[in-house]
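Here is what each chain is made of, one letter per residue.
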Amino acid sequence: MATLMKSDKRKVSAQLKTEIARNMGHQQLNELLDVVLNPRTSLDSSENLDWCRSLIAGGVAFEDFAKSVRHYDNASTCGLVWTSNFVAYRCRTCGISPCMSICADCFHGADHTDHDFNMFRSQAGGACDCGDPNVMRSAGFCSLHGPDKLKNLTVPADLLPMADAVVPRVVFRFVLYLRDIFEKRSEIPAVRFSLSEGEPLLGLLHELCNMGGAMRSVMTRALTDQQLYKDLNEGSSGCYSQFKRDISQSREILNSAQSILTVPESPKFLRGNPAVTYPLMPLSFVEELLFWAVIFEFPEKIVTLLLKMLPDNSYKDTFTRSFVKFYGRIAMSLATSTQPDKLSSRVVHISVQLFSNEELAIQMTEELQLIHILIVSLQCLLKRTLMDNHLKGTPGTHRNCQVINCDHQVMRQHCYWPVISDLSNILSHRSVVNKFFTDPSLVKMWTNILAMFMCMNLNERELHNHVEFEPLAYSAAFSAEIEACAAPMWQLYVHCKDESTAHYTEALLNACSETITDWLEAADVYKSLDPYQVSFHIPLLRYYALFLSQAVTKQGLAISPQKDFLKSLMNFPLQIQALVGEISCGLWVRNGFQIKRQAITYMQCHFCASMIDLDLFLLQACAAHLDPDYFVEKVFSSFKVLEMLTFNQSHSHSQLELDKESAMLESALTLLVTLLSTRTHLGATEEELLRQEMVALLCMHDTTHSRLTDQIPEKTGLFSTSESFEPLLAEVADYHDPLSERSSRGLQQGHYSPKPSVWETEFDPIHVLLRCMQKKDFQSAMDRYSTHMKQTAGHSGNSDLWPPFQPLKQPHPALKTLHQLLHCKTLHGAIFIILHKAVNSKSISEPVLYLCIALLDMMLQCPADTIASKTPTPAVIQDGNFSAMFPDNLILSNLGHRIHAVEIVYEKPSSSRQRTVHSTDQLLQQLLEEEVSIIHQNLFGLAPMGFPGAAELEGMEEGEEMYVEIDGIGEEEEIDGIEEDEDEDVEEMEMEVGLGEELYVDTPATSEGAMATEASSSRSSVEPSTSPSASAGRPRKPAKVSTVLWTPSKMLTINLSMLELLVKLHAKMAGKEGSYTPPSMRRDTEAGSLPGGVQVGGGMFYVKRLLDKICRMHPESQKQLEDLCRLHQQPTAGTEQPDAQSTAADRRKKAREAQQKLFAKLAAEQKKFIEKSLETEDPLGESPIADEEVQAAAAEKVPDREIFECVICGQTAPSTGDKPIGMVALMQATGVLGHRSQVSEAKTLPTSENEMISTTGRGKEVNQQRKLDLLNHFDKSSVQMSINVGWHGGVHIQSCRHYIHLSCHESYIKSLRQDYQTPQLQVREKGEYECPLCRQLANFVLPCLPFTEGCSPSVAAASSDSRSHAVVAAEVAEKLRLSREGSRESLKDITLAAKSVFLFRLLRENRLPKSAYGDPLLPVDHSEMVDVVLRSTARVNLELDLVVRETLLQPSSQSSSNKRGCIGTLLEVLSLLIGKSSVTLATKPWSMLTELKQISGASEPRSSGSPDEIPVLLKDPVATLINLVLAMQHPISKEHFSCIVRTLYAPLYIQALSVISCRMPDTERRAWAESGKTCQAQSNELQMQPLLSQVINMYSNSTLYDDTDLLERLAICQSVWTLQCIETAAQEYCLPFLRIAALMQHHLFRDELPTCQKQDLEFELLVNYLRLYTAPSVGETPADLYSARCLHFVGNPSEFMKAWCQDLLTFVRKNRKTAKSLLLHNPIFYPPRLLQLPKNYDAVFQYYREQRCQSCLQVPNRPAVCLVCGALICLNGARSGCQRSSITEQHYLSCGAGTVIYLDINSSSVVIVRGERICHWASVYLDRHGEEDRELKRGKPLFLCLQRYKVLEQLWRSHSFNHCCKNWMWHLTHHH
Ligand SMILES: [Zn+2]
Ligand SMILES: [Zn+2]
Ligand SMILES: [Zn+2]
Ligand SMILES: [Zn+2]
Ligand SMILES: [Zn+2]
Ligand SMILES: [Zn+2]
Ligand SMILES: [Zn+2]
């Protein structure tokens, strides 16, 4: 054997293979394998592994073997297995199971157009279902997968026999290894188990798996063969013969390991099921692997191996069986795991693959009792958490009730989740559900589990002390109810929708009521509940409610539960409703915020369908079946308002304070109205419900599509999107395109608002109230409603509109008795009392009133169908005895029933009112303080405003739940709600104060009573005593009321009917007695109804409408009303004083007004700030306010620019030597110019391997090349003067045009340094600050030069134009000489410090890219370098100004660039700073241009050795212009400036003609040379034709026209050159110079630039503007004459021309090639563009998420693409060690000089990096609803929004990122 081991592996393998084929050699192979897989040696020997590979391959190379095996892959499914963070797709259209998921390749391989699909990031891992018809429809299969793709391939017999023999041995060895490490587990804790040593062997198994179907069957045979397993284990197979002892020891380990796992406690009927039986000895390798997987908490690599083989059907079957066998153990291990979430997701990763398949699921249910196992497992898990129930029952009785403890780790960690998820999964299969419902033991087990959740997390109201710490168990409780109870409930619900399954529902209802009864008994809460204890969790009752609703409304079952049973049930939901009311009016404050959060969660959209909606239905069912008087009284007593519903106004507020009592009454009435009008479970169709929810959401706020879909109440676990969603949305809402309105925030998203008709007909205040989380949401809906009604519908009333309650709809016939609620004496009595109080006091709030009116209206809408027997009413009624108030339950007769007197129990008024007033006062004070502090924070940025971007990024890196694959409802949403809640607390407090205020303003009741007495007594004296019976007792009444109230009597005389009260109420609202007239007595139609029949209004409108209705319905009442009316129409002498002032409504209004005034004041301050900050938010800086301001300011300063206002000290003063003033300015490095291109089209971002971005013609490369060419041939100083650097990495300077004293700035910075609360600024290092006025970022002050001689440029500019060019040119030369000779010193008035600070900053900003880029021009000597930088800065800023303007002639772009423009000032400062040597250098070219003798070529030839001066015709005229202007003494006169421009135009023009002549074909050129000669002397005005001919003739003797290289030939334009062509080409060539010159003139002299729409007039307009040629009138002179007419020469034109051409030819002779390439240099650049993006985001995403980072060469986990150059980098490089590396900085510096724009691939949003700051900007990709999808959470297709991209490009070109983007944060760690 030893010799065999040493021989060649391939040979040996081949030999063994042939022998085995002849059925020999098995022995030898086994012996060899005994050595290779020796159980005693370590596993990580690569030699041994190679042996395995070689043996399996059987003599061929392993790779070749693998290839041929893969050829026989006949799998019809994809089966790709992935782990977390994998991007997969889910298509709801194609999926059968909701868990369906497919890989990207399969998704893109099929057509899912118009399907409901989304992309998601897998959290728990998964596998591709493509090809599996059990999980998805075949339409969604890709072209490679599906049953029809089954290849009928026969694997050749000689391919796999070796694998067959070797694989089981490899598996066995791996199993032995697992046993071994278990034995050593004391050293390795189970959780930190790592496969380190076994990894290679496991890797081999994975490799084999990846070979496809053929090899998979070899493996699955080995894994599932029980005999093989037995033989190997028992040593009977002939292998490991030398290790028999090791093997049997190892088996012992397996035995002992059994005890590690616990088995769930099992009921009798499950006995014998292996899942709950101990021990469970593995029968095959797959079972043993699974066994160890459980023990080691599912190591990922073992899990994926087991899953990879699932496409093999027989394996899938065996594996599922084994998994079910182990299920109980797995479930139990969840409770003890130390990492339950990790374990959970791995378990689900497996189980979801198995149980999504209906066939398998039902098979397992039938054979292995899968449902039982799941339920028993869950029960055992939950039982661990039980504790005593603390519900207070009857004192002293024995109780035996336990409840889940939500603080237990099983609950807190959601350990039960995998089991629940599996249960929900199998319950989605119809056949499985059938098994469930038809097995009574299962249903009962399930309801027993639900009982454990009953009243968990019990809350007890704190009455005295504030809770010390807020318990957090509630979130565990809510997620438990939703996940464990509601999710399976909805799964079951799906199957109980029609009569065919009525027996299901019946079974469940029976089990529920049985369990409920037991539970009520055990908890001893059959009769009543403690009023201070409440739990939100009653899942068992909710099951009962849901299935009761299904049974009676959908399945035709007649169920009428026992009344006592319902009475017990009703307590629970009613208590919760009362609790919600109590919480919202602040009765639970001592319990802390958590109780509020509970209430919000209870009603929140993700929970409401499973909680509050079902509770309301349960109450509706009770209302329909119970005695209405009982029900209504129970509601009032639960809300603790019975005491308020008495005539005793002075009752002691034993339970509630007055304001709270009123709020509680409102809640109670709201509940009644809600119960009456809600149809959610009363037979409304899904579509009606969806529409209702949509309308409610839209009414509260305009909302985006995604928020709408997200906030439609969700039936947990079911797909919530319905097919009718889009059509319904289109019916009720208008879509607003993101581009339709440009809001102040700039980047609007697409959103929806309700259609006008919705407000008029569908707005349902009750449903909005039910769905709003905060009162302010309801208020918002009401405000929007009022606005709409007042504007659109033309409602013009001044009063606030009352909510327009919808007319009652009929409930489902089965529950039609619900309406009997309206017809009960208790409700009528309560309303009577409320109306009575409303008429006589102010204690009734408006909401209570409108709810009462609405209830009365409802009573009229549906008359009672059962009539209670009439009972006589006593003359004097006991207060509080509702049943005695009215004779029967009919509203129409009760309306007119007069109540005569009430006997009340009088108590002393309590002092609580006084206290309330006081405390409200304090509250208001506190509120004001808070408000003020908030404003302060906003104004001064004292508090961190919160950087959502930061949170997002953080979250991303933590791998937080962004893509929830398998339903993990709960905390995320919940937290949302909570955060919102905290924000709104101030708001809510405001509401409370609102109420308090009202009280505060109230006059004390006593004085009011006195007033009323006076008024009524005066009236009674005039009233005739023989008044009609209807008003018999009336006159005395008010007097009586007050007397009774305030004298110690027990009898209250009332003598009023409801009808009379309503009339009085109307009068009180109208402010005048007798305001109501019945329709029959009305003369004219009154206002109130709107065109189109829409009827809206305030209180008066609704009371009137009600009374009108009564008149129509009830003649008797009409008569009474007519009588009442007549009474008032009789002229009465002592008409009442209009007591309008004292009406409650008015007082409320007054109070509100006072309050509003207060807030308005605060709001105004805030608004001021916001308006200011709007300027900052506007992406393009075109905020109208700001613009006007700036323009006004600018206009003011133009005439006398010496006077500035300092933004710090407010002084208005000129800038002087001792107190210089400057502009607040920001200086930043820029790379924008480098990205200009000579190609006009934008480049495209590549989205496939074969695309590339070319850099030809890009500014930075072109200029770099030209610079290098020049440096190679000419004198360095000459080159410096003829070129500018900073095309890349120059410095851009902008200013907000606010001024500041240099000294004030210094002290401002100093104060900022001390203030540590400016985290956004780099004060310490970079001197950053915010403009004190406009808050723009700035980092230096650009000093304004004082004008000592008092010669402002406007004066200088006024000099005449008449002097000859030569004279002025001489003057310029003289000026230059003066400047050189030191008289510049006279301008040295700016303090030295300011100068050096500016220089220092300028150089530092410049140094940044230089070090990275390497500029051979710079590091010569310091002063030279400084001058190069200064000149280049001028050039860069002028060119950038041009870039931003896009075109010079457009007036609109002017204002925006002017706003930040400071180029004029900058040029002056630069000129001041420029060194003397520069001036000298500038003088030289001037003489070359103005004096013939100076031109070297014309005079004596220079010595060939010395470096040359650049020929005039190769110089860059723009550079020369800037050199000259900077070298001149400032202020420069306009005449001199024009002279310089004129002088420079001549050589430029000759340059143009030279270039054009070079581009002509030979023949054309010759023709032009000839034609020019003839017309040479015809005119003394210069003309193009002769000049061109002269130029051609000059060059024709040289080699210039030889086109020897390809590029030169390409430059030649073969078309015919007409005169017009030449003229156009010449103009084009000159334009770049003219534009810069014009801009300079504009900035230096504030000359308005010419404006014109026609681009082809640009040349003409500019030469006019620059005074090169003044045409009589623009556009008239033939254009072809223009370019030559602008020429000005100091001497003889042809002499100069000859000299310049000679100069060039000298160089041509020396170096023809360079000369020609320099001459042909194209000066025309197009503005820089961002890369063009593909329309569809998916193209970008799919390509770039797989690309490698250009610096670290890894596939980034946060990839980002540079939108300027297309480079891919790691965005969170700081963590992966990439970003900080010098190579990435290379991109960040080289591409954008410190400013880069990235597209964040994983998020789709744009990220801007500016130095050390980073900002998450918006996304340029929007979904089809115009919304962003940051982090791709929804995963829907995204499309490019070109307009947004344009905005981004604009921001980039104009360097406005700092200014226009918000939420900057530091991205480099050292700043934290
Ligand atoms: Zn599809
Ligand atoms: Zn796939
Ligand atoms: Zn596929
Ligand atoms: Zn100042
Ligand atoms: Zn400013
Ligand atoms: Zn990287
Ligand atoms: Zn780039």
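Residues numbered from 1 in each chain as written. Chains lettered and ligands numbered in written order. Predicted model: local features only at pLDDT ≥ 70, side-chain atom pairs only at ≥ 80, totals over all residues. Heavy atoms only, no water.

**A short note on the overall build of the protein**
Alright, step 1. Counting its secondary structure elements, the protein contains 74 helices and 29 strands.
Alright, step 2. By the burial criterion, 58% of the 1872 residues in the protein qualify as buried.
Alright, step 3. Put simply, of all contacts in the protein between residues at least 6 apart along the chain, 79% involve residues at least 24 apart.
Alright, step 4. Accessible area of the protein: about 75500 Å², with a carbon and sulfur share of 52%. (Helix = DSSP H or I, 4+ residues; strand = E, 2+ residues; numbered from the N terminus. Buried < 20%, exposed > 50% of the residue type's maximum accessible area, 1.4 Å probe, protein only. Contact = heavy atoms within 4.5 Å. Areas by Shrake-Rupley, 256 points an atom, 1.4 Å probe, with all protein chains shown as cover.)

**Describing the sheet that holds strand 22 (residues 1759-1762)**
Alright, step 1. Reading across from one edge, 23-22-24-25-26-29 is the order of the six strands in this open sheet, with antiparallel pairing throughout. Strands at the two margins of the open sheet, each flanked by one partner only, are strand 23 (1768-1770) and strand 29 (1864-1866). Across the sheet, the axes of successive neighbouring strands diverge by a mean angle of 35°, strand direction being ignored.
Alright, step 2. Pairing geometry for strand 25 (residues 1805-1810) and strand 26 (residues 1813-1819), over five bridges, is antiparallel. Within strand 26, the position partnered with Val1809 by the bridge is Ile1814.
Alright, step 3. Packed onto the sheet, helix 70 (residues 1737-1744) meets strand 22, strand 23 and strand 24 (1795-1800) and runs at close to 100° relative to strand 24. (Pairing = 2+ DSSP bridges. Axes fitted to C-alpha atoms, helices over the stretch in contact; angles between N-to-C directions.)

**Some points on the coordination of the zinc ion (ligand 1)**
Alright, step 1. Donor atoms from the polypeptide that bind the zinc ion (ligand 1) are Cys91 (SG), Cys94 (SG), His112 (ND1) and His115 (ND1), placed at 2.0 to 2.2 Å.
Alright, step 2. Considering all four donor atoms around the zinc ion (ligand 1), the spread of angles at the metal, 104 to 112°, places the coordination shape in the tetrahedral class.
Alright, step 3. Exposure remark for His112: the relative accessible area of 3% places this residue in the buried category. (Donors = N, O, S within 2.8 Å, 3.2 Å for Na, K, Ca; no water. Tetrahedral: all angles 85-135°; square planar, octahedral: opposite > 155°, others 65-115°.)

**Remarks on the packing of helix 14 (residues 313-336) against helix 15 (residues 340-355)**
Alright, step 1. Contact geometry of helix 14 with helix 15 gives a least axis separation of 11 Å together with a crossing angle of 150°. When the axis of helix 14 is compared with that of helix 15, the two are roughly antiparallel. Where helix 14 crosses over helix 15, the two elements pack in a sense that is left-handed. Counted together, Lys316, Phe319, Thr320, Phe323, Val324, Tyr327, Ile330, Ser333 and Leu334 of helix 14 and Pro340, Leu343, Ser344, Val347, Ile350, Ser351, Gln353, Leu354 and Phe355 of helix 15 form the full contact between these two elements. (Parallel < 35°, antiparallel > 145°, perpendicular 65-115°, else oblique. Left-handed = near helix turned anticlockwise from the far one by under 90°.)

**As for the sheet that holds strand 2 (residues 87-91)**
Alright, step 1. Ordered by their spatial adjacency, three strands build an open sheet running 3-2-4, and the pairing between neighbours is antiparallel. Only two strands of the sheet have a single neighbouring strand rather than two, namely strand 3 (102-103) and strand 4 (117-121).
Alright, step 2. Here strand 2 pairs with strand 3 via two bridges, running antiparallel. Across the sheet, the residue bridging to Ala88 is Cys103, located in strand 3.

**As for the nonpolar core**
Alright, step 1. Core analysis: the largest hydrophobic core is formed by 331 residues, its most contacted members being Trp292, Trp519 and Phe636.
Alright, step 2. Those residues in contact with Trp519, other than ones at most four positions away along the chain, are Asn389, Leu391, Cys401, Ala451, Met454, Cys455, Asp524, Val525 and Phe572.
Alright, step 3. If you look at the next biggest cluster of nonpolar residues, it comprises 140 residues, including Leu1403, Cys1539, Ala1637 and Tyr1682. (Core = buried A, V, L, I, M, F, W, Y, C linked by side-chain atoms within 4.5 Å.)

**Side note on the packing of aromatic side chains**
Alright, step 1. Tallying each qualifying case throughout the model produces 48 aromatic pairs.
Alright, step 2. The interplanar angle of 85° and the centroid separation of 5.0 Å between the aromatic rings of Trp490 and Tyr493 together place this pair among those described as edge-to-face. Separated by three residues within a single helix, Trp490 and Tyr493 lie in helix 22 (residues 473-494), roughly one turn from each other.
Alright, step 3. Relative to Tyr1744, the ring of Tyr1743 has its centre 4.8 Å away and its plane inclined at 85°; by these criteria the two rings are edge-to-face.
Alright, step 4. According to the relative accessible area criterion, Tyr1743 is buried, its value standing at 14%.
Alright, step 5. The exposure class assigned to Tyr1744 is buried, which follows from its relative accessible area of 4%.
Alright, step 6. Over the ring of Tyr630 we find Lys567, and its NZ or CZ is 4.4 Å from the ring centre.
Alright, step 7. Stacked on the ring of Tyr532, the Lys or Arg Lys640 has its end atom at 5.6 Å from the ring centre. (Phe/Tyr/Trp six-rings, centres within 6.5 Å; stacked < 30°, edge-to-face > 60°. Lys NZ or Arg CZ within 6 Å of the ring centre and 35° of its normal.)

**Regarding the environment of Glu1249**
Alright, step 1. Structurally, Glu1249 can be placed in the loop between strand 17 (1221-1230) and helix 49 (1259-1273).
Alright, step 2. As for Glu1249 and Tyr1743, which are separated by 494 residues in sequence, their C-alpha atoms are 8.6 Å apart.
Alright, step 3. Here Glu1249 is in contact with Tyr1743 and Gln1747, once residues within four sequence places are set aside.
Alright, step 4. Among the polar contacts made by the side chain of Glu1249, one reaches the side chain of Gln1747 at a distance of 3.3 Å. (Polar contact = N/O pair within 3.5 Å; in protein donor to acceptor, adjacent residues only side chain to side chain.)

**Describing helix 28 (residues 628-638)**
Alright, step 1. Taken as a whole, helix 28 has its buried residues at Pro628, Phe631, Val632, Val635, Phe636 and Ser638.
Alright, step 2. Against helix 25 (563-584), helix 27 (612-625), helix 29 (658-677) and helix 36 (825-840) lie the buried residues of helix 28.
Alright, step 3. Of the residues trailing helix 28, Lys640 is marked for its positive phi of about 55°.

**Quick notes on helix 63 (residues 1584-1595)**
Alright, step 1. Helix length check: helix 63 (twelve residues) gives 17 Å between terminal C-alpha atoms against 16 Å at 1.5 Å per residue, within 8%.
Alright, step 2. Along helix 63, ten of the twelve residues are buried, which leaves the element largely enclosed by surrounding structure.
Alright, step 3. Regarding helix 63, the residues found buried are Met1584, Pro1586, Leu1587, Leu1588, Ser1589, Gln1590, Val1591, Ile1592, Met1594 and Tyr1595. (Expected span 1.5 Å × (residues − 1).)

**Looking at unusual backbone geometry**
As a rule of thumb, non-glycine residues mostly have phi less than zero, and peptide bonds are mostly trans rather than cis.
Alright, step 1. Its identity is not glycine, yet Asn23 carries a phi of approximately 60°, on the positive side.
Alright, step 2. Owing to a relative accessible area of 62%, Asn23 belongs among the exposed residues under this scheme.
Alright, step 3. Even without being a glycine, Leu1753 presents a positive backbone phi close to 60°.
Alright, step 4. By secondary structure assignment, the location of Leu1753 is in the loop between helix 70 and strand 22.
Alright, step 5. Judged by its relative accessible area of 54%, Leu1753 falls in the exposed class.

**A word on the confidence of the model for the protein**
Alright, step 1. When the pLDDT values of the protein are averaged, the result is 79; 78% of them are 70 or greater.
Alright, step 2. Of all helices and strands in the protein, the one with the weakest mean pLDDT is helix 40 (residues 948-958) (36), whereas helix 27 scores best (96).
Alright, step 3. Confidence over residues 908-1049 falls short of pLDDT 50; this stretch has 185 contacts with residues more than four positions distant or in other chains.
Alright, step 4. Note on residues 1348-1360: pLDDT under 50 across the span, and eleven contacts to partners over four residues away in sequence or across chains. (pLDDT = per-residue confidence, 0-100.)

**Regarding the packing of helix 15 against helix 19 (residues 417-427)**
Helix-helix packing is characterised by the crossing angle of the two axes and by the distance between the axes.
Alright, step 1. Taken N-terminus to C-terminus, the directions of helix 15 and helix 19 make an angle of 15°; their axes are 9 Å apart at the nearest point. The orientation of helix 15 with respect to helix 19, classified from their angle, is roughly parallel. In terms of crossing hand, the pair formed by helix 15 and helix 19 is right-handed. Each of Ser344, Ser345, Val347, Val348, Ser351, Val352 and Phe355 in helix 15 lies in contact with helix 19, whose residues at this interface are Trp417, Pro418, Ser421, Asp422, Asn425 and Ile426.
Alright, step 2. Among the residues making up the contact of helix 15 with helix 19, the classes are represented as seven nonpolar, five polar and one charged. (Nonpolar A, V, L, I, M, F, W, Y, C, P; charged D, E, K, R; others polar.)

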